[in-house]
Amino acid sequence: MVTTHNLGFPRIGAQRELKFGLEKYWKGEFSRDELKALGAELRARHWAEQQALDLVPVGDFAFYDQVLDMSFTLGNLPERVQGFHGDKLDNYFRVARGRTAAGAQEHAGCCGGVAAGEMTKWFDTNYHYIVPEFTADTKFNLDFSRLSEQLREARAQGVKAKPVIIGPLTYLWLGKAKDGVGKLADKLALLPRIMPVYRAMLDYFKVMEVEWVQIDEPVLATELDPAWREAFVTAYEGFEDRSVKLLLATYFGQLQENLDLACKLPVDGLHIDAINARAEVALAAQKLPAQSVLSVGAINGRNIWKTDLNAALEWLAPLAQQLGDRLWIAPSCSLLHVPVDLASEEKLDAEIRSWLAFALQKLDEVKLLATALNEGRSAVAAELAANAAAIDARRHSPRVNNPAVKAAIARIDANLGNRQHAYAERAAKQAALLALPAFPTTTIGSFPQTGEIRQARSQYKSGALDGAGYRAAMRKEIERSVREQEVLGLDVLVHGEAERNDMVEYFGEQLDGYAFSQFGWVQSYGSRCVKPPILFGDISRPKAMTVEWIAYAQSLTNKPMKGMLTGPVTILNWSFVRDDQPRSVSCYQLALAIREEVLDLEKAGVRVIQIDEAALREGLPLRRAQWPEYLRWTVESFRITANGVADETQIHTHMCYSEFNDIIASIADMDADVITIETSRSDMELLDAFDNFRYPNEIGPGVYDIHSPNIPTQEHIVQLMQKAAERIPAQRLWVNPDCGLKTRQWAEVIPALTNMVAAARALRSQAH
Ligand code: GLN
Ligand code: ZN
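Residues numbered from 1 in each chain as written. Chains lettered and ligands numbered in written order. Predicted model: local features only at pLDDT ≥ 70, side-chain atom pairs only at ≥ 80, totals over all residues. Heavy atoms only, no water.

Asks: Before we go on, may I ask you to explain the sheet that holds strand β2 (residues 56–58) in this structure?
Replies: Within a sheet, neighbouring strands are paired by backbone hydrogen bonds and run either parallel or antiparallel to one another. Pairing is parallel in the open sheet, where eight strands are placed in the order β1-β12-β11-β10-β9-β8-β6-β2. Here the strands that pair on one side only, and so sit at the sheet edges, are β1 (3–4) and β2. Taken together, the three bridges between β2 and strand β6 (residues 161–166) define a ladder with parallel strand orientation. Counterpart to Pro57 in the pairing with β6 is Lys162. (Pairing = 2+ DSSP bridges. Helix = DSSP H or I, 4+ residues; strand = E, 2+ residues; numbered from the N terminus.)

Laid out in structure tokens, this is it:
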């Protein structure tokens, strides 16, 4: 008999209950007990929804982040929050976000706010975790309370519980040494200290009569140094005389050179992501010891498409024959990365809806596969036929396939991505036309999302405001932004993006080939959720998307107005994308559509066009060996989008990061005339990339940290720019904030930009 299980379930709740509960608690409108009760209620509901499975994950729930939960379980709290007197949950939020709740003030005097833990991306997903902090003195100390409490709850509910923990190597790999160079030179030095805590944890599981523990080691899907591979052997040999069974879970990629290692570790089972590593399933079946379980992640845990169950059964059936009881079936990874329930989607187009599966539907698919394998396909003949019909309908739908788009993709040639002339020649023509001063000033696109904007948007959505009324309200906001910028004395203006709810959704809504869910929320970090649009078909642009707004903004001023677009790579990386064609093909389709918008803006007389690629870096594959291929098609997509314009049109791009060292040559290849990046937080130290690589075009290193309410002083901005000028010729420098100003208030933006403009003027006069 095939066993079914799940690696993890989304915890935010189908209606984002956890988000709202957390935010109420932080505001002091919800008591700690109410919040804890909400957590218990969500766990209970989610276990009930998974009860058809043979094993259900326990310990995957987190009030903020599962890695932070693990840090607390291991007793690895940053020193700055040790000795906190209040409730553990409040201390947990202090690490997560720098402060506890407004209502939890008992200890504000003795242990107030602290620096929040650093947050970074969980492998190649859009989920962010709180980075564990290590020093040479880090000690670990088991706190089993969270796991025992949740196990007890699960037991009371009759759940067939399989606790989920992050393995010791992945935990160490995810963390950062925080005590400067030299002291903790090697995180592996902590392994001997962390192992006893893990061993104690397994003993406790045994006491609680747990049979299987899922131990996640996704780092096995990355390139590991020999020392780390060796450490895997040491660590897992250290678990040899345990009395619970271990399922070693890998996901997000192929194991490749780590496959042998994973198959040899003394555990009781191995989980492989069969979506990313299908070919390794058969290999693992051969290599695993004769009693070991092979858990196959046959359902994609990262997207929202129905699985082709009949096709899956074709390759699963022989495996089931070969392995018998040793075969387990699950989603490829935790379902944290998909929305909860398709059943909530009442407005979604019925045809598109019939192609989709969210978390609960994915678990139904797991069950169906197992039933077909255990009892024969005839036991689920009707379900399999319905699945086949949906898969077939999607494959042949004219809404998915647009021959004109396919033909345009086939016509792409190398020239499409080339500007007329090289940068130097373009720069001269642009300078003559734009007549900008030295150290030109600009902003990144958005201005504050005011109450008026939000109100107009919600009234428009509810029907209280008609199209014309909404447009008038947005025009008023645009006019306000333009007037403010003129008073501030900025050199290249923006329209402020008032009409955009989101920089990806705005374009998705206007492109053919995109659909939108109502409740398709996925946790991004803490209480933050995103609702990625669904790219389901060949992409085309029925009509211009931004020209009217930009042309209106330009009509209000004599200063150059920047056209503002989101680039193809960012739209792709922030969407649920098709699984029936390579990502690169979807990206090229987006590139052709946005290229038309660029050319229309140019035709409308817009002289400066910014194409944001905020998310280019985060799409980098887990394995470095695959970087060049990703960078090839992403850079080419950007070039296709941007480079059809005349020499005189100035192309800008913006990136929300500045870790450029390893990809700077690709960034330069994009050949944008101007690039703006995020550097303010690191005191320009991120410009190190420019020491070894001479970036050929213009750069605006962000000098105003828009993530903070602090107002930068003129002197500070001048200093930052002087530092930048040590690496980049001053005549190629721009002065700008490090990202859009959407999340700030006008009352913060005006003084900050006043100082920024004053700084640029000071720099100009110094240069003379
Ligand atoms: N143009 C966008 C804005 O200003 C860019 C946002 C981003 O880079 N994340 O809001
Ligand atoms: Zn940005």
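Continuing now.
Asks: What's the story with the sheet that holds strand β18 (residues 608–612) in this structure? I'm lost.
Replies: One open sheet holds the five strands; their spatial order is β17-β18-β19-β20-β21, and the pairing between them is parallel. The strands lining the two open edges of the sheet, one partner per strand, are β17 (562–566) and β21 (698–701). Looking at each pair of strands side by side, their axes are set apart by 20° on average, direction ignored. Here β17 pairs with β18 via five bridges, running parallel. Note on β18: the bridge partner recorded for Met564 is Gln610. Contacts from helix α22 (residues 583–603) reach β17, β18 and β19 (650–655) within the one sheet, and its direction differs from that of β17 by about 175°. (Axes fitted to C-alpha atoms, helices over the stretch in contact; angles between N-to-C directions. Contact = heavy atoms within 4.5 Å.)

Asks: What is the right way to read the coordination of the zinc ion (ligand 2) from this model?
Replies: Note on metal sites: the ideal angle is 109.5 degrees for four tetrahedral donors, and 90 or 180 degrees for six octahedral donors. Around the zinc ion (ligand 2), the protein contributes the donor atoms His654 (NE2), Cys656 (SG) and Cys739 (SG), at 2.1 to 2.2 Å from the metal centre. In this structure, the zinc ion (ligand 2) is coordinated by four donor atoms arranged in irregular fashion, with angles at the metal of 80 to 122°. Between the donor residues of the zinc ion (ligand 2), the gaps in sequence give the motif H-x1-C-x82-C. Placement of the pair is His654 in strand β19 and Cys739 in the loop between α26 (714–727) and α27 (746–767), with a sequence separation of 85 residues. Look at His654 and you get buried, because its relative accessible area is 3%. (Donors = N, O, S within 2.8 Å, 3.2 Å for Na, K, Ca; no water. Tetrahedral: all angles 85-135°; square planar, octahedral: opposite > 155°, others 65-115°. Buried < 20%, exposed > 50% of the residue type's maximum accessible area, 1.4 Å probe, protein only.)

Asks: Teacher, can you tell me more about the packing of aromatic side chains here?
Replies: One pair of aromatic rings is described through two measures. These are the centre distance and the angle between the planes. Applying the stated criterion across every chain, the model contains 25 aromatic pairs. Where Trp26 meets Phe93, the ring centres are 5.5 Å apart and the plane angle is 85°; that geometry is what we call edge-to-face. In this pair, Trp26 is assigned in helix α1 (residues 17–27) and Phe93 in helix α4 (residues 88–97), connecting sequence segments 67 residues apart. Summarising the burial analysis for this pair, Trp26 and Phe93 share the class buried. Note on Phe123 and Phe252: the rings are 5.9 Å apart at their centroids and 50° apart in plane angle, and the pair reads as tilted. Taken together, the residues span a long stretch of sequence, with Phe123 in the loop between β3 (119–121) and β4 (128–130) and Phe252 in the loop between β9 (245–249) and α9 (259–264) at a distance of 129 residues. Pair check on accessibility: Phe123 and Phe252 agree, each one buried. By the ring-pair criterion, three or more aromatic residues cluster together here, those being Tyr25, Trp26, Tyr64, Phe72, Tyr92 and Phe93. (Phe/Tyr/Trp six-rings, centres within 6.5 Å; stacked < 30°, edge-to-face > 60°.)

Asks: Can you walk me through helix α7 (residues 191–207) in this structure?
Replies: Residues spaced three or four apart along an α-helix point in a common direction, a consequence of the helix completing one turn every 3.6 residues. Its 17 residues place the ends of α7 24 Å apart at the C-alpha level, agreeing with the 24 Å of an ideal helix rising 1.5 Å per residue. Listed as buried for α7 are Leu191, Ile194, Met195, Val197, Tyr198, Met201, Leu202 and Phe205. Immediately downstream of α7, the backbone of Glu209 shows phi near 60°, a positive value. (Expected span 1.5 Å × (residues − 1).)

Asks: I keep staring at the environment of Met655 and nothing clicks. Help me out?
Replies: Relative to the helices and strands, Met655 is located in strand β19. Given a relative accessible area of 0%, Met655 falls into the buried group. Separated by 265 residues in sequence, Met655 and Ala390 have C-alpha atoms that sit 39 Å apart. Beyond its immediate stretch of four places on either side in the chain, Met655 contacts Glu613, Ala614, Phe660, Ile667, Met670, Ile675, Thr676, Ile677 and Glu678.

Don't take any of this as a statement about function, it's just geometry.
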